[in-house]
Amino acid sequence: MPNEIKFKIDGREFTAAPGETILEVATRNGISIPTLCHNQKISRTTSCFVCVVKDKRTGKFLPSCSACPANGQEVESSSDEVRDMRRTALNLLLSEHAGDCEAPCTVACPAHAQVEEYVRAGRRGDFKKSLKIIKERIPLPLSISRVCPRFCEKECRRNVYGKPVAINDFKRLAADLYYDEYMEDIPVENGRRIAVVGAGPAGLSAAYFLRRLGYRVKMFEKMPKAGGMLRYGIPEYRLPKAILDREIAHFFKMGIELECNRQLGLNLSLDVLKSEYDAVAVTIGCWKAGSMRCAGEELALQGIKFLERIAANDWTGNNPGKTIVVGGGNTAMDCLRTSVRLGSDDVTCFYRRSEEQMPAEKLEIHEAKEEGVKFEFLVAPVKLVRNDAGKLVLTCQRMELGEPDASGRRKPVPVPGSEFDVEADTVIAAIGQATDAPPGLAVNRFGDLDVCEHTYRMSDNVFAAGDCVTGAATVVEGVAGGRIIALGIDGFLSGREYRPEPVVNVSRGHWQSLRKEDLVFLRQDVSEADRVPQRLIPIAERTSTFHEVAATFTPEEVQSEGKRCIECSCTAKGDCKLRQHSQEYGADPEAYKGARLQQGYDNRHPVIIHDRMKCIKCGTCVKICAEVVNKNLLSQKYRGFATKVEGLFGRTLPDSCAECGACVEECPVGALDWRFKA
Amino acid sequence: MAEIRKIKVGTASCGLAAGAGAVLDFFRDHAGVEIEEVGCIGHCYAEPLVEVVTDAGSVFYRDVKGEQACLDNILALGETGRLEVSPSRRKYEMLKVTRLAGRICPTSFDAYVAEGGYGALKKALTMTAAEVVDEVKRSGLRGRGGGGFPTGMKWQFLAAKQAEKKILICNADEGDPGAFMDRSMMESVPHQVLEGMLIGAYATGADILFIYCRAEYPLAIKHIRIAIDQIREHGLDVVNGKKLDIIIKEGAGAFVCGEETALIASLEGRRGTPRFRPPFPTDRGWNDYPTSLNNVETFANIPLVIGEGGAAFAQVGTEKSKGTKLFALAGDLKYPGLIEVPMGTTIGEIVFEVGGADPDQVKAVQTGGPSGGCIPKELFDTPVDYDSLNALGAIMGSGGMIVIGTDRCMVETARYFLDFTHRESCGKCTFCRVGMMRMYETLERIVAGKGEMSDIDFLADLGPKIKKGSLCGLGQTAPNPVLATLRYYKNEYIEHVRDKRCAALVCNALVDVKLDPEKCVKCRLCIRNCAVGAISDDFVIDNAKCTRCNTCIDVCPKHAVARVEKGEGYYAE
Amino acid sequence: MSDKFAYLSSVERSRTYLIKGLQTVQAHDGYISDAAIEAIAAYFSVPPVDVEGVVSFYAQFKRTRPGKYKVAVCDGTACHIKGSISILEWVGTELGIKPGQTDRDGLFSLETVACLGCCSLAPVMSINGKVYGKLDRKGTVKILKEYRKNG
Ligand SMILES: Cc1cc2nc3c(=O)[nH]c(=O)nc-3n(C[C@H](O)[C@H](O)[C@H](O)COP(=O)(O)O)c2cc1C
Ligand code: SF4
Ligand code: SF4
Ligand code: SF4
Ligand code: FES
């Protein structure tokens, strides 16, 4: 052809027809160039500038969606400079873009379970679907729904006005109803074998995901039964062991093997495992009790050992008499409330900081108080002796709060001359736990196992996760770690190192910084009701038995909680081009912080929502409505940073809208979208 | 004594704003000689200006008042109040394009013709259209609207087009806040601009002529309108055998509409957003017809080019920038106003010799308005031409030139320009719409004393990217004021950020206000005028209440109140 | 089209004259109401939302009724350098309004403008188009008081 144009993209020569843009030629030849405002159905807009390429001769950047090549022209589309310009354009767009790629509850969940989705399934009464969604990330729903500190609820936007949605109770009901009958698709074994050392939450989770990836998995457990802290740390009244047994039974149904009473370094050799198995997952937890750092502390019981002993004895034991528990974490609460149940009527918690600083869950503290536990704040043990009468005497010192320490908390400092003695029958030290690293495994400066932060690999074919890597944490964090280890091992064994996918999560902000007007109500029927109160067994039963304290919600209760969910995440999270390109180019919503246009949203239209805060002002919808649909119902308004896109006099879509949805389908982000979520 | 023939009163906007209206009325009623209204001769600082034409030549009077004493002095050709034009200004000025400005009555067709007006048009009509284009090419005339594109080339493109209609537009939007060359030309010599357009229409074969003028220039619009009526009366609007459509359109307040594709969108009755070029307007312009745009001053040059010939025109100026250039001088100098100098005159010559600025009081000059950059005094031997200014990170722009005194804060100056541009961005493309806002916010933080050192790097990093990634000239130049001040006055940024100090005592958040009891005569003017009651009965200013509004500084007859560095003032709590 | 905007018929009925139409309405009514937008849309056969887009783009167009005296303080480059911010403060204090506002009696409205083209007389302001230059505080306040007196 005489008129055709020869030019180069990234050194490769291409031919363009007259009038063809650089983007069109690139796309035709399989070179991908990101675009946001480009749309074949409408005339060229040239707004977003994420499609830039660089003209090598002039050094100028050209929007490839609009620029036509010239003969002999050479453009760069993948150089660092071009990528940097595209990233900058995306960063700038992200900086004015307010939405929630994911719901804050999902982001907050350490396992990133799709909270909003399983809550929605629950709201619709589809508890089976709810459970299926949960189990994609949480293989221990029966346990976690009972013991989790509910990270999700702390971030729930419903906090803006009232209490959070009772998210964890969706898991509990779904699991209680369908856990036993639900079976995921298990692939046939792929011939590779993995050893998991330690059958606690992280180990179980690793085994579960490895099995789902096709591996043959065998767990080794030092205790007589599987479950780790779930069995030997968390008291019966929070997690009945019969339920735990139900949970673990499913693992056997999946074909996971278990050998108990095998302890690394004792009757189990790491070297042997390493050679006999394709990979070894070390998930041995944190079983070394922390020190009270006071004279005579050997006279005290260690919190986790105390719980372990009672657990091993099927939650029976002698009345500990007058009991003092030193410490303020969840283990301390478990020891206190267990002591109450063992018959003591004088149980006190000694904590060296203030009540606000206590790391234990507020709910736990509250329930402990209900059960008669007393609290002494700002006291620290100095010395423990046994007096002639055979009683323990704990010498304590009063503290006051001084300057903030490295953690930002105000540090307790002793008040001179404030020592006092207390007598007790039992003193339990619940000061924290540390990893008891077996010989031969590298540890970091905290004494925990040292792993690669992405793959959780230690060395050779040994991987580790859970408390033994993070230090004592929560069950859900252990479960999250177990999944990463499974992915890490899978990547290792298939020869491509696992790397977490870059995730861009735009957020409107934590609820603490939002007002009700800032929340986007997709549904107009979000319930204004208060949170369904948790039903508990009577207090007398609580203080005298180990019966489970909290009841499972009824289906009606769960559904009414579901109606309180605002459905915070973006309607377009699956097909947002801004997010996709941002992930590809490593763009960061925090890079260019600054003002966003406060322009709210419009959900008055029956089927379409216009969330203006997400709009990137590409004008696609305006042109679609004008050039394709011929309705002319939208326009840009104002100019500069204040530019916005909307219908006449601030309405998104007037009554004359054809409801054709053409604009919705073409909006590159979630600014114009259907008002319903699947 | 010489005999007085007539008295000319300058009644361009500058004159009227200074009170020329009253002078005119009074003189008409009382002078008893012929009074003529004329435009602006460029000495705007001296307005109201009056020229007394005598048989022995003209005498100019400055700061004229509409009072009997003043009139008497003028009628007696008194020595007081005469306008003295310094020899150095005479030396460097070269009045070619503005030769008739302020000398003839703008609304008189005959006056323009009497001075040789429309002679160039007549001459052009004796040439072929191609010859006219060639002549313009030979002159080396480059567009005066900022881009500096060769005018002859643009006309050649349009002339080559075959189309049902062709359009020629005069860009009189003059959006650069600080420039007033175009206004002055339209007010003072509207016929000269029209003559240029008619020659253009002949050369390019245009059918419709638009004059897109900013609405803030009512007098310019009025004069152009009168001039159009007059050429219609005289049949000059028939070119190439067809009657031209000549249409004045008023802008509606959008700087970006000076950009050619935005201007065309605006002329089409749309939002004034630029679009990607190519296609260029000569290929697809107003309502898709081939269109060429030129600036007012460019058109005003055309009669000269044709009249004296391209070669003669090209005698003046530098190798690549031919002819003279108008500059609107303003800011910290003695003689603000409109000047015309040959291309290649140095900035120092303009600022000091023509503008009469005191070298010890000048820090820098800003050329090109909000799209340009500052040039520090050290570089004042730079000649003004398109390429030398670009090399310094400033631009010629349309010809606004603001002299910045030593007591000005460069960070605040940059903030001011960005305040303007970020709001004038059309909002279409990402880098300009969002990027300019982010830069502006950062500058706001810095002048508020809340900046961090990383903010300076942020500006230096984002600025060039905005220039590279913007669609039109607005975004492509908007970061210039910041980048230029960062280049030459980075220390001021560092002071604002690190030391929380504004050495020029301009940034309100970084200064206190203090009353010097030694100088104070206890007249209580400051106390009475302070809107927030920040000054106590014993003449102490409470900086916690003070809003730094400058009222007290302004009212104090003894200059006892002054801005001082933050921390030197008194705070009640 | 309602009779209220009948005067629009003096403007040529082509989209090229849309801005002229808006200017005509504004000159007549002082601002552009929703009704005006719909009338203009009908007159020029342009979608109303498009007209609203155009109106909001240009700084000249007001969507709220301005005061009898429209005070515009120039904040162009020269005026800014010459202290227009102080002028704005003084005007604001005298009138008790901020830029963009109209006072309660509807007598004054205040705005800033980019450049009145009288930079050599900086600082300047205009009241209903009449330009006042070389302003200082006293002069500014005096001019405003004069207008107020005339009501
Ligand atoms: C943001 C922006 C504003 C402009 N403003 C004006 C203006 O007010 N007057 C003008 O003549 N040109 C202005 N221009 C330049 C025009 O786009 C165009 O180059 C010019 O009118 C062409 O005429 P010339 O070749 O005679 O200079 C502006 C350009 C940009 C990017
Ligand atoms: S309201 Fe629903 S989606 Fe939003 S944070 Fe709470 S549970 Fe998650
Ligand atoms: S709402 Fe319209 S302008 Fe905004 S991002 Fe979506 S398509 Fe673009
Ligand atoms: S650079 Fe600015 S003014 Fe120009 S098109 Fe882009 S957003 Fe509009
Ligand atoms: S500018 Fe090219 S795709 Fe948006």
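Counting restarts for each chain, with residues numbered from 1 along the sequence as it is written. Chains and ligands are labelled by the order in which they are written, letters from A for the one and numbers from 1 for the other. Per-residue local features of the predicted model are confined to residues with pLDDT of at least 70, and side-chain atom pairs are confined, for both listing and counting, to 80 or more; whole-chain, interface and lining totals are unaffected and use all residues. Remark: hydrogens and water are excluded; side-chain values derive from all non-hydrogen atoms of the structure.

J.: Describe the site of ligand 4, with residues and values.
T.: Around ligand 4 sit 13 residues, and of these Cys426(B), Lys428(B), Cys429(B), Cys432(B) and Cys472(B) come closest. Each residue is assigned to one of three groups, with Ala, Val, Leu, Ile, Met, Phe, Trp, Tyr, Cys and Pro labelled nonpolar, Asp, Glu, Lys and Arg labelled charged, and all others, Gly among them, labelled polar. Classifying every residue of the shell around ligand 4 by side-chain character gives eight nonpolar, four polar and one charged. For each residue, the test is whether any non-hydrogen atom lies within 4 Å of the molecule or strand; if one does, the residue is near.

J.: How would you summarise the packing of helix 19 (residues 453-469) of chain B against helix 22 (residues 490-499) of chain B if you had to cite specific residues and measurements?
T.: All names here are of chain B. Look at helix 19 against helix 22: their axes get within 8 Å of each other, and the N-to-C directions meet at 145°. Residues Met453, Ile456 and Leu459 of helix 19 touch helix 22, and the partners they reach there are Lys490, Tyr493, Ile494, Val497 and Arg498. Classifying every residue of the contact of helix 19 with helix 22 gives six nonpolar, no polar and two charged. Every angle, taken between N-to-C directions, lies between 0 and 180 degrees, and every axis is a line fitted to C-alpha atoms, over only the stretch in contact when it is a helix. Only DSSP runs of H or I with at least four residues qualify as helices, and only runs of E with at least two residues qualify as strands; both kinds are numbered from the N terminus onward. Here, two residues are considered to be in contact whenever any of their heavy atoms come within 4.5 Å of each other.

J.: Now, about the confidence of the model for chain C: what can you tell me, with residues and values included?
T.: Here chain C averages 89 in pLDDT, and 98% of its residues register 70 or above. The ipTM, which scores confidence in the relative placement of chains, is 0.93 for this predicted complex, and the corresponding pTM is 0.90. pLDDT is a per-residue confidence score from the predictor, ranging from 0 to 100.

J.: I'd love a proper account of helix 8 (residues 167-178) of chain A, names of residues and values included.
T.: When the terminal C-alpha atoms of helix 8 of chain A are compared, their 17 Å separation across 12 residues agrees well with the 16 Å that a helix rising 1.5 Å per residue should span. When helix 8 of chain A is considered as a whole, its buried residues turn out to be Ile167(A), Asn168(A), Asp169(A), Phe170(A), Lys171(A), Arg172(A), Leu173(A), Ala174(A) and Ala175(A). What a helix should span is 1.5 Å times the count of its residues minus one. The classification of residues rests on relative accessible area computed with a 1.4 Å probe and restricted to protein chains. Under 20% of the type maximum is buried, over 50% is exposed, and intermediate values are partly exposed.

J.: Requested: an account of the domain arrangement of chain A, with residues and values cited.
T.: Residue and element names in this part refer to chain A. According to the domain assignment, chain A contains domain 1 (5-95), domain 2 (104-182 + 520-562), domain 3 (193-286 + 435-493), domain 4 (290-433) and domain 5 (597-674). An automatic or database domain assignment supplies the residue ranges for each domain. Taking only C-alpha atoms, the centre of domain 1 and the centre of domain 5 are 27 Å apart. In this assembly, 10 residues from domain 1 lie in contact with 10 residues from domain 5. In short, buried area is how much 1.4 Å probe accessible area vanishes from two parts on joining, totalled over both. Roughly 890 Å² is buried in total at the junction of domain 1 and domain 5, and carbon and sulfur atoms are behind 52% of that figure. Salt bridge criterion: a side-chain nitrogen from Lys or Arg within 4 Å of a carboxyl oxygen from Asp or Glu. In this structure, Lys41 and Glu666 form a salt bridge, with 2.5 Å as the shortest nitrogen-oxygen distance.

J.: How would you sum up helix 21 (residues 480-488) of chain B? Please name residues and give values.
T.: Within helix 21 of chain B, seven of the nine residues are buried, which leaves it mostly tucked inside the rest of the structure. Taken residue by residue, helix 21 of chain B has Asn480(B), Pro481(B), Val482(B), Leu483(B), Ala484(B), Thr485(B) and Leu486(B) as its buried positions.

J.: Account for the interface of chain C and chain A, naming residues and giving values.
T.: Taken together, the contacts link 14 residues of chain C with 13 residues of chain A. Between chain C and chain A we count one salt bridge in total. As a salt-bridge pair, Lys637(A) and Glu52(C) come within 2.7 Å of each other at their nearest N and O atoms. If you list the elements that add at least two residues to the side of chain C that touches chain A, you get helix 2 (34-44) and helix 3 (48-57) of chain C.

J.: I'd like a rundown of the sheet that holds strand 11 (residues 324-331) of chain B, residues and numbers included.
T.: All names here are of chain B. Overall, mixed pairing links the five strands, which are arranged 12-11-15-13-14 in an open sheet. In the strand order of this sheet, the two ends are held by strand 12 (337-342) and strand 14 (373-376), each with one partner. Sheet twist, expressed as the mean angle between neighbouring strand axes with direction ignored, is 30°. By the bridge criterion, four bridges tie strand 13 (residues 362-367) to strand 14 in an arrangement that is antiparallel. The rule for pairing is simple: two strands pair if DSSP sees at least two bridges between them.

J.: Go over the pattern of salt bridges with me, naming the residues and quoting the values.
T.: Residue and element names in this part refer to chain A. Counting across every chain of the model gives 105 salt bridges over all chains. Where Arg172 meets Glu548, a salt bridge forms, and the shortest distance between an N and an O atom there is 3.1 Å. With a gap of 376 residues between them, Arg172 in helix 8 and Glu548 in the loop between helix 18 (539-544) and helix 19 (555-562) connect regions that are remote in the sequence. For Arg172, a relative accessible area of 4% corresponds to the buried category. The class for Glu548 is buried, based on a relative accessible area of 18%. The shortest N-O distance in the salt bridge between Lys593 and Glu590 comes to 3.0 Å. Glu590 gets classed as partly exposed once you look at its relative accessible area, which sits at 48%. A network of salt bridges, in which partner residues are shared, links Glu102, Glu116, Glu117, Arg120, Arg123, Arg523, Asp525, Glu567, Lys573 and Lys677.

J.: Could you give me a rundown of the site of ligand 2, with the residues and numbers involved?
T.: Residues and elements named next belong to chain A. In the vicinity of ligand 2, the contacting residues are Ala103, Pro104, Cys105, Glu116, Cys156, Arg157, Ile167, Cys565, Ile566 and Cys568. Within this scheme a cavity is a closed region of a 1 Å grid, computed over the protein atoms alone, that accommodates a 1.4 Å probe without allowing it to escape, whereas a pocket is open but has protein on both sides within 12 Å along at least five of seven lines; lining residues each have an atom within 4 Å of a point. Assignment of a molecule to a cavity or pocket requires that more than half of its atoms lie within 2 Å of the corresponding grid points. Spatially, ligand 2 is embedded in the second largest cavity. Residue classes in the shell around ligand 2 are distributed as eight nonpolar, no polar and two charged.

J.: So what about a nonpolar patch on the surface? Which residues, and what values?
T.: All names here are of chain B. Every patch collects residues that have over 30% relative accessible area and no salt bridge, joining them within 9 Å if they carry like charges and within 5 Å if they are nonpolar side chains (Val, Leu, Ile, Met, Phe, Trp, Tyr). Areas reported as accessible are Shrake-Rupley estimates using a 1.4 Å probe. Residue values count occlusion only from the protein chains shown. Taken together, the side chains of Phe149, Met153 and Phe157 present a nonpolar region at the surface, about 260 Å² in accessible area. When you line up the elements, Met153 lands in helix 8 (residues 151-160). Since its relative accessible area comes to 34%, Met153 is described here as partly exposed.

J.: Tell me about the sheet that holds strand 9 (residues 245-250) of chain B, and name the residues and values.
T.: Where strands meet in a sheet, backbone hydrogen bonds hold them as pairs that are either parallel or antiparallel. Residue and element names in this part refer to chain B. If you trace the four strands from one edge of the open sheet to the other, you get 9-6-5-10, paired in parallel fashion. Looking at strand neighbours, the two that pair on one side only are strand 9 and strand 10 (291-295), the edges of this open sheet. Between one strand axis and the next, the sheet turns by 20° as a mean value, whatever way the strands run. Bridge count for strand 6 (residues 208-213) against strand 9 is six bridges, and the pairing is parallel. Within the sheet, the bridge partner assigned to Leu209 lies in strand 9 and is Ile246.

J.: Tell me what's going on with empty space enclosed by the protein, and back it up with residues and numbers.
T.: All names here are of chain A. Grid points are joined across faces, edges and corners, and a volume is the space filled by probe spheres set on the points. Within this structure, the stated rule accounts for 11 cavities of 30 Å³ or more. Considering only enclosed or pocket space, the largest cavity measures out at about 130 Å³ in volume. In this structure, the largest cavity is lined by 17 residues; those nearest its centre are Arg508, Val520, Glu567, Cys568 and Ser569. Here the lining of the largest cavity is composed, by residue class, of six nonpolar, three polar and eight charged. In this structure, the lining of the largest cavity is formed jointly by two domains, domain 2 (104-182 + 520-562) and domain 5 (597-674), each of which donates at least three residues. Of the volumes computed, that of the second largest cavity is approximately 110 Å³. Lining the second largest cavity are 16 residues, and of these Cys105, Cys156, Val165, Cys565 and Cys568 sit closest to its centre. Mapped by element, the contributors of at least two residues to the lining of the second largest cavity are helix 3 (104-108) and helix 4 (115-123). Looking at the lining of the second largest cavity element by element, the count peaks at three residues for helix 4.

J.: Go over the packing of helix 13 (residues 303-312) of chain A against helix 14 (residues 330-341) of chain A with me, naming the residues and quoting the values.
T.: Residues and elements named next belong to chain A. Closest axis-to-axis distance for the helix 13/helix 14 pair is 9 Å, and the angle between their directions is 45°. Of the possible angle classes, the one that applies to helix 13 and helix 14 is oblique. Note that helix 13 runs across helix 14; the crossing there is left-handed. Of the residues in helix 14, those in contact with Gly303, Ile304, Phe306, Leu307 and Ile310 of helix 13 are Thr331, Asp334, Cys335, Thr338 and Ser339. Within the contact of helix 13 with helix 14, the residues separate by chemical class into five nonpolar, four polar and one charged. To sort the angles, those under 35 degrees are grouped as roughly parallel, those over 145 as roughly antiparallel, those from 65 to 115 as roughly perpendicular, and the leftovers as oblique. Here is the rule for handedness: rotate from the far helix to the near one, and if that takes an anticlockwise turn smaller than a right angle the crossing is left-handed, while a clockwise turn gives right-handed.

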